[in-house]
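Structural overview
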Amino acid sequence: MKRRRTGLKTVLAAVAALSLLTTACGGGNSASGVPDDGGPMPVSIMSMYFTPEPPGADNVVVQEIEKRTNTDLNITWVSPNSYGDKVNVTLASGDIPDLMLVNDPFSAQVRTMVQQGAFWDLTPYLDDYPNLKKFPEESWINTKQADGKNYGIPRVRPVEGGPFLFLRKDWLDNLKLEVPKTTDELYEVFRAFTKDDPDGNGQDDTIGFTGLVNQDNMGGYGAIVSAFTQTTGDWKEVDGKLVNVNLLPEMREALEWINKAYTEGLISEDLAVLKESQTKDQLNAGRAGAAVNTVEAAWEPTEAQLKTNPDADFLPLVSLNGWNNRDGGFFGMFVIPKTVSEEKMKKLLELMDYGASEEGGTLASYGLEGVHYTEENGIKMATEKAKTDIVASQALGQIFMSYDKYMRAYRSGMPNEIFERNKKIIDERAESSVPDKAIGLYSETGVSAGPELSKDIQDIKTKIILGKQPLSAWDAYVEKLKANPDLQKITEELNEAYKQRQSAS
Amino acid sequence: MASRSGTARGSTLETAYKKNPAAQRRRSVWNGIKRDRYLYLLALPGIVFFLLFKYVPMWGILISFQNYSPYQGMWASQWVGLEHYIRFFSNPDFLILFRNTMAINMLSLIFFFPLPILLSVMMNELRGTKFKKTIQSIVYLPHFLSWVIIVGITFLLLSTGEGIINQLLAAAGLNKIDFLTNPNYFWGLLTVQSIWKDAGWGTVLFLAAMASIDPQLNEAAKIDGAGRFRQIWHITLPGIRSVVIILLILRIGHIMDVGFEQVFLMMNGAVSEVADVFDTYVYRLGIKQGQLSFSTAVGVFKSVVGLILVIGANKLAKKFGEDGVY
């Protein structure tokens, strides 16, 4: 342990030394951090990227944005795999970039630092920025901290079109099956996908569903569980009170369903040790018939399959048992530390406002027209140059994005009819989607004891799915859970916060 | 005249030193430093390294006695005394973590530790230099693979769905074995992985120690009619005994450490009750959940236990007439 802790310190020391160096280099600046001479304003940003490689400092689009906004961007790109760790370490170092994406606005660390006044309260300033104002109301409400104020700019996401089931439509057609609407029908579809040779190659080489469970949540199986519990997230409103879903009998039904599917071999055999990339491989290779992801992400395996199979088609489902999830409208938020002057903070909001404009958003996600993309009937086709220059919504588009309700219907290179179909699915989902009632609600015990409790609960769920323990073990566990003082306290605190929020609105 | 007064002053100083043994000692230390100044200069970077990166950060353990908040800094954070330690020891997780850490390390001590000795004795008996070098290179090689790769290979071999071994089992009509998700196999799996990775590398020190054994001893033994096994038993093994003892003491000092990466990568929901060790716990609570003070307390506990064990083992070694670490 001693060795690892010093390792951390070394990193921190290096970071501190580096930042000293960079501040020393930024001569000609006034104390406010905004150059007096009208030169470009230096801005440090930390964010994540989903492209194979992060964009470099000499990235054409970064340079173009710098030119148009008169800034000098210094972006630290962090892999999403370790982003949460990096946030905690950076916050602990006290050397926080001007704009930092915190992936979980409600983590213990962020909450405490908000209370201590480490970040700018942006609430009074936001009215001056028309493009940021265009973000949906829910994105702003759901990122409010315990005191009801906004301490960050949400990394905006549409509320509809979030991670949900998608499955092979062409396999359904081959097997003459309807699109499933209930979990019972879904089970039949998974069974047929596994046993009835849906790809017609005469070999037993397919499974119904590929997905993994994480160590603290149900991962890809969350959507199926939620179809049973009929709620989004871990809390359900029952008679006006929030109840933890694990205590509900529906959770038992869900576990029974998944365990049965596992025993029959309809879902990933290695679900406890699988990696995200392996599930994608299975979909791309046509070995799995369904998975969970956002609406537009279903295009990814379709595109891969089309190379060998012209009929391949992954269809995102609208709902299951009449349920689908309504997202919070954000995926983390950008905070500005109090060490930044008010003048510079306003300039930073201006920069983010530019990013949220149509022009800025398009530039960040798609690059320059004619160079990085061509446009036909409103569909942008990325060129090869876009790939080599690393211009994508998965990189710079994670920082600067203009809000669009159909953001999750679209991927560059997608045929128009898929785009239109996705738009329709998103509209249909809006009719049945259920929001997470507990989002942003504050419970002190939840922050300190919650993560370990979630892990403990997930451990036993994983064992039950794998058949290592019988369902009766779950019943016994639930009885124990009901008496768990931490859970009781979390429930109490959340309900109090919930009541407060309801009476406020 | 000038020179005489100089000598006179010198002699007075000398008598002063004679009267003051502390000052004398100081002078001899200073003389020693002056004499070996180049050696000390050579050691300087190392000394600075240890001060800067090992001793200065040790102040960090103070945060285990407070509710440390990075924004407020170490001086403004609230002091809570032993609260975090009490919380840790009264936590039911503590016993599980302790059991897992000890079990994994004891297995490693029993099965892993003797292997490099055995291996190096065997290699020492090889006669062809080229053959010996080749074997050495081959057994060192796995050490240079990172745990990520080794765990990746393990998954490729042992996973139930696509693992090669399970596919072979299935093809032979046998039942698949859940190597990766069965708590009964987990500790064994870790030990086997460690042996595969580091048993070869562990031979380096032993081989070096064997090289320093006087070959005359072997020759004399041979003349007296001792066979190979006699020579190993009476010459080679006693020759490396002190190295073995030192390594054993150091190893015991690390009894609370389990290779973090290995366990972290191998862990999954089905085995976490046997897989969770102090290091993964500290990572989860400290880095992931930001409970810096609490996880520091856990770290301090580990270090203190390690220190006590090293001192104990060293004392024990000295009692049996060995050199020990210091």
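Residues numbered from 1 in each chain as written. Chains lettered and ligands numbered in written order. Predicted model: local features only at pLDDT ≥ 70, side-chain atom pairs only at ≥ 80, totals over all residues. Heavy atoms only, no water.

A few words now on the overall build of chain B. The number of helices and strands found in chain B is 19 helices and 2 strands. Its C-alpha atoms give chain B a radius of gyration of 28 Å, more than 25% over the compact-globule value 20 Å for 326 residues. Counting only C-alpha atoms and orienting by the principal axes, one finds that chain B spans roughly 110 × 75 × 35 Å. Residues counted as buried form 39% of the 326 residues belonging to chain B. When contacts within chain B are restricted to residue pairs at least 6 apart in sequence, those whose partners lie at least 24 apart make up 64%. Accessible surface for chain B amounts to roughly 19300 Å². Of this, 69% is attributable to carbon and sulfur atoms. Distance between charge centroids for chain B: 14 Å, based on 30 positive and 18 negative side chains. (Helix = DSSP H or I, 4+ residues; strand = E, 2+ residues; numbered from the N terminus. Rg over C-alpha atoms; globule rule 2.2 N^0.38 Å. Buried < 20%, exposed > 50% of the residue type's maximum accessible area, 1.4 Å probe, protein only. Contact = heavy atoms within 4.5 Å. Areas by Shrake-Rupley, 256 points an atom, 1.4 Å probe, with all protein chains shown as cover. Lys, Arg positive; Asp, Glu negative; His and termini not counted. Charge placed at Lys NZ, Arg CZ, Asp CG, Glu CD.)

Close inspection of predicted coordinates is inappropriate for parts of the model with low pLDDT. Residues and elements named next belong to chain A. Model confidence for chain A is summarised by a mean pLDDT of 89, while 94% of its residues fall at 70 or above. Between the elements of chain A, mean pLDDT differs from a low of 45, seen in helix α1 (residues 2–25), to a high of 97, seen in helix α10 (residues 249–263). In the model, residues 1–8 has pLDDT below 50 throughout and makes 20 contacts with residues more than four positions away in sequence or in other chains. Here residues 11–28 is a poorly scored stretch, pLDDT under 50, and it has 6 contacts once near neighbours within four places are set aside; other chains count. (pLDDT = per-residue confidence, 0-100.)

The next subject is the environment of Ser69 of chain B. Note on placement: Ser69 of chain B falls in the loop between β1 (66–67) and α4 (73–76). In the structure, Ser69 of chain B is positioned 16 residues away from Tyr85 of chain B in sequence and 18 Å away in space, judged by C-alpha atoms. In this structure Ser69 of chain B touches Gln116 of chain A together with Ser77 of chain B, once residues within four positions along its chain are discounted. Engagement of the side chain of Ser69 of chain B in a polar contact is seen with the side chain of Gln116 of chain A, the distance being 2.6 Å. (Polar contact = N/O pair within 3.5 Å; in protein donor to acceptor, adjacent residues only side chain to side chain.)

All names here are of chain A. Strand order across the open sheet formed by 5 strands is β2-β1-β3-β11-β4, with mixed pairing between neighbours. Here the strands that pair on one side only, and so sit at the sheet edges, are β2 (71–78) and β4 (152–156). Strand after strand, the sheet turns through a mean of 25° between neighbouring axes, direction not considered. Strand direction decides the pairing type here: β4 and strand β11 (residues 330–335), joined by 4 bridges, are antiparallel. Looking across to β11, one finds that Pro154 is bridged to Met333. Sheet contacts for helix α13 (residues 342–356): β1 (41–48), β2, β3 (99–102), β4 and β11; angle to β1, the most-contacted strand, approximately 55°. (Pairing = 2+ DSSP bridges. Axes fitted to C-alpha atoms, helices over the stretch in contact; angles between N-to-C directions.)

Under the definition given, this model contains 37 aromatic pairs over all chains. Centroid distance Phe190 of chain A to Trp257 of chain A: 6.0 Å. Interplanar angle 70°. Geometry classified as edge-to-face. One end of the pair, Phe190 of chain A, is in helix α8 (residues 183–195); the other, Trp257 of chain A, is in helix α10, with 67 residues separating them in the sequence. As far as burial versus exposure is concerned, Phe190 of chain A and Trp257 of chain A are alike and both buried. Taken together through their ring pairs, the aromatic side chains of Phe88, Phe89, Phe94, Phe98, Phe278, Tyr281, Phe294 and Phe301 of chain B make up a single cluster. Across the ring face of Phe331 of chain A, the terminal group of Arg155 of chain A is positioned such that the distance to the ring centre comes to 4.2 Å. Here the guanidinium or amino end of Lys197 of chain B rests over the ring plane of Trp147 of chain B, the centre of that ring lying 5.2 Å away. (Phe/Tyr/Trp six-rings, centres within 6.5 Å; stacked < 30°, edge-to-face > 60°. Lys NZ or Arg CZ within 6 Å of the ring centre and 35° of its normal.)

Before going further, it helps to spend a moment on the UniProt feature "transmembrane region" (unreviewed entry) in chain B. Residue and element names in this part refer to chain B. Per the UniProt record, the feature "transmembrane region" (unreviewed entry) sits at residues 38–65, 102–123, 144–165, 185–211, 232–256 and 292–311. Counting secondary structure, residues 232–256 comes out at 84% helix and 0% strand; the distance between its end C-alpha atoms is 33 Å. Helix and strand shares over residues 292–311 are 100% and 0% respectively, and the end C-alpha atoms of the span are 28 Å apart. (UniProt positions renumbered as here; feature names shortened; annotations may be inferred.)

On to the UniProt feature "domain: ABC transmembrane type-1" (unreviewed entry) in chain B, then. As annotated by UniProt and renumbered to match this structure, "domain: ABC transmembrane type-1" (unreviewed entry) occupies residues 98–313 of chain B. Helix makes up 75% of residues 98–313 of chain B and strand makes up 0%, while its end C-alpha atoms are separated by 20 Å.

A few words now on the side chain of Arg408 of chain A. Residue and element names in this part refer to chain A. Relative to the elements of secondary structure, Arg408 occurs in the loop between α15 (384–388) and α16 (416–432). On the basis of relative accessible area, Arg408 is assigned to the buried category, the value being 9%. Within the structure, Arg408 has its side chain in polar contact with the side chain of Asp327 (distance 3.0 Å).

Here the focus is the domain arrangement of chain A. Residues and elements named next belong to chain A. Entries for chain A in the domain assignment read domain 1 (28–158 + 329–404) and domain 2 (164–326 + 410–435). Computed over C-alpha atoms, the centres of domain 1 and domain 2 are 32 Å apart. Between domain 1 and domain 2, roughly 670 Å² of surface is buried when both sides are summed, and carbon and sulfur atoms account for 50% of that area. It is Glu138, Tyr366 and Ile379 in domain 1 that bury the most area against domain 2; as a group they hold 55% of the surface buried on that side. Across the salt bridge formed by Glu138 and Arg326, the nearest N and O atoms sit 2.4 Å from each other. There are 2 residue pairs in polar contact (both at pLDDT 80 or more) connecting domain 1 and domain 2. (Domains from an automatic or database assignment. Buried area = accessible area lost by both parts, 1.4 Å probe. Salt bridge = Lys/Arg side-chain N within 4 Å of Asp/Glu carboxyl O.)

With that settled, consider the interface of chain B and chain A. Counting from both sides, the interface comprises 48 residues of chain B and, opposite them, 38 residues of chain A. In total, chain B and chain A occlude about 3500 Å² of area from one another, counting both sides; carbon and sulfur atoms represent 51% of this. Viewed at the interface, chain A and chain B are joined by 6 salt bridges. With a shortest N-O distance of 3.4 Å, Glu269 of chain A and Lys176 of chain B are connected by a salt bridge. Scanning the region where chain B abuts chain A turns up 18 residue pairs in polar contact (both at pLDDT 80 or more).

Right, let's get into unusual backbone geometry. All names here are of chain A. One non-glycine residue with positive phi stands out, namely Asn70, at about 55°. Within the secondary structure layout, Asn70 lies in the loop between α2 (60–69) and β2. In this structure, Lys176 is a non-glycine residue whose phi angle is positive, near 55°. By relative accessible area, Lys176 is classed as exposed at 72%.

Residues and elements named next belong to chain A. All chains considered together, the criterion is met by 35 salt bridges over all chains. Among the salt bridges present, the one from Glu64 reaches Lys67, with a minimum N-O distance of 3.7 Å. Of this pair, Glu64 and Lys67 both sit in helix α2, separated by 3 residues, roughly a single helical turn. Glu64 gets classed as buried once you look at its relative accessible area, which sits at 17%. One network of salt bridges, with partners in common, ties together Glu64, Lys67, Arg68 and Glu359.

With that out of the way, let us pick up the environment of Asp121 of chain A. Residues and elements named next belong to chain A. Mapped onto the secondary structure, Asp121 falls in the loop between α4 (108–115) and α5 (130–133). Taking the C-alpha atoms as reference points, Asp121 and Leu453, separated by 332 residues in sequence, lie 32 Å from one another. If sequence neighbours within four positions are ignored, Asp121 has contacts with Lys149, Asn150 and Tyr151.

Residue and element names in this part refer to chain B. Across chain B, the average pLDDT comes to 87, with 94% of residues at or above 70. The low-confidence segment residues 1–8 (pLDDT under 50) makes 0 contacts with residues lying over four places distant or belonging to another chain. Here the predicted complex scores 0.82 on pTM and 0.79 on ipTM.

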